[in-house]
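An overview of the molecular structure
So you can see what is in the structure, the chains are spelled out below.
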Amino acid sequence: EMPFCWTVTPHGGAGAYFADDTGSSHTFIGHGGVTSMLGYQNSHFAISMANQITFFETASRSGSYNFTDAVDQKVWKNGLKLSVPFCERWVADVYGIHTEFLENAFMQRYFTLGASVGYHRASMKKGSYIKIGTYTELAKNFKNIN
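Residues numbered from 1 in each chain as written. Predicted model: local features only at pLDDT ≥ 70, side-chain atom pairs only at ≥ 80, totals over all residues. Heavy atoms only, no water.

Turning our attention to the pattern of salt bridges. Enumeration over the complete set of coordinates arrives at four salt bridges. The salt bridge involving K74 is made with E103; its shortest N-O contact spans 2.9 Å. Of this pair, K74 sits in strand β4 (residues 72-86) while E103 sits in the loop between β5 (90-101) and β6 (109-119); the two residues are 29 residues apart in sequence, bridging distant segments of the chain. For K74, a relative accessible area of 23% gives the class partly exposed. Notably, a salt bridge pairs E100 with R109, separated by 3.0 Å at the nearest N-O pair. Classification of R109 as partly exposed rests on a relative accessible area of 40%. Through salt bridges that share partners, D72, K74 and E103 make up one connected network. (Salt bridge = Lys/Arg side-chain N within 4 Å of Asp/Glu carboxyl O. Helix = DSSP H or I, 4+ residues; strand = E, 2+ residues; numbered from the N terminus. Buried < 20%, exposed > 50% of the residue type's maximum accessible area, 1.4 Å probe, protein only.)

Written out as structure tokens, the structure is:
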């Protein structure tokens with residue numbers, strides 16, 4: 001009914017890493033942030049732009065084995081996605097995401113490029129698809145294809 005939408009979503013979580021050593025080493029890392037998504041949709045296509053900031057912080061470390069140095073990182077992501085429905089139940093997506101590390105890291109930035117095709121079954125909730133796709137992550141002296 002309304003072609004434009006805007007959603008702001010907070011997010012957070014934690015990870016725990018343990019080692020089986022005499023010192024019972026552990027590291028706890030927490031993260032939190034916010035994502036903003038602006039979208040436009042009509043009967044021919046949908047386009048969306050998302051922006052996300054996430055803060056990662058080591059909450060606790062102990063034991064004789066340290067999994068990593070203390071984490072103190074901020075990650076900024078900006079992405080665009082184009083979705084095109086076809087043949088009544090199918091959709092094709094292409095997207096690009098720019099990721100920037102705001103603190104020192106082994107790389108400062110990378111780009112994700114991807115595509116997928118999805119099928120909507122009649123028994124599924126509106127807007128839900130079973131999808132298959134591929135993406136690649138590119139940076140200076142780095143390439144990853146999935």
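We now examine the pairing of strand β8 (residues 142-145). Taken together, the four bridges between strand β7 (residues 130-139) and β8 define a ladder with antiparallel strand orientation. When the bridges of β8 are listed, A139 appears paired with F142. Taking the residues between adjacent antiparallel strands as the criterion, β7 and β8 are bridged by two residues, where N141 takes a positive phi near 60°. (Pairing = 2+ DSSP bridges.)

A sheet is described by the order of its strands in space; here eight strands give the open sequence β1-β2-β3-β4-β5-β6-β7-β8, paired in antiparallel fashion. Lying at the two open borders of the sheet, with one neighbouring strand each, are β1 (4-18) and β8. When the angles between neighbouring strand axes are averaged without regard to direction, this sheet yields 15°. Bridge count between β1 and strand β2 (residues 26-41): 15 bridges; the pairing is antiparallel. (Axes fitted to C-alpha atoms, helices over the stretch in contact; angles between N-to-C directions.)

What follows deals with a nonpolar patch on the surface. Taken together, F4, W6, V8, V34, L38, M49 and L80 make up a surface patch of nonpolar side chains, about 720 Å² in accessible area. Residue contributions to the nonpolar patch peak at three residues, all from β1. Given the relative accessible area of 62%, W6 is considered exposed. (Patch = residues over 30% accessible without salt bridge, like charges linked within 9 Å, V, L, I, M, F, W, Y side chains within 5 Å. Areas by Shrake-Rupley, 256 points an atom, 1.4 Å probe, with all protein chains shown as cover.)

Our next topic: the nonpolar core. Membership of the largest hydrophobic core is limited to five residues, which are V75, F101, M107, Y110 and A139. Aside from chain neighbours lying at most four places away, what touches Y110 is K77, I97, H98, T99, F101, E137, L138 and A139. (Core = buried A, V, L, I, M, F, W, Y, C linked by side-chain atoms within 4.5 Å. Contact = heavy atoms within 4.5 Å.)

The next point concerns the confidence of the model for the protein. In this model, the protein carries a mean pLDDT of 89, and residues with pLDDT of at least 70 account for 91%. Per-element confidence in the protein is highest for β5, whose mean pLDDT is 97, and lowest for β8, whose mean pLDDT is 78. (pLDDT = per-residue confidence, 0-100.)

In this fold, N146 is placed in the segment after β8. The partly exposed category is assigned to N146, whose relative accessible area is 41%. If near-sequence neighbours (up to four positions away) are discounted, N146 is found in contact with T134 and Y135.

Tracing the backbone shows T35 in strand β2. Distance from T35 to T7, taken between C-alpha atoms, is 8.0 Å for residues 28 residues apart in sequence. With sequence-adjacent residues up to four places away left out, T35 is seen in contact with T7, V8, T9, H11, N51 and Q52. For T35, the side chain forms a polar contact with the side chain of Q52, separated by 2.9 Å. (Polar contact = N/O pair within 3.5 Å; in protein donor to acceptor, adjacent residues only side chain to side chain.)

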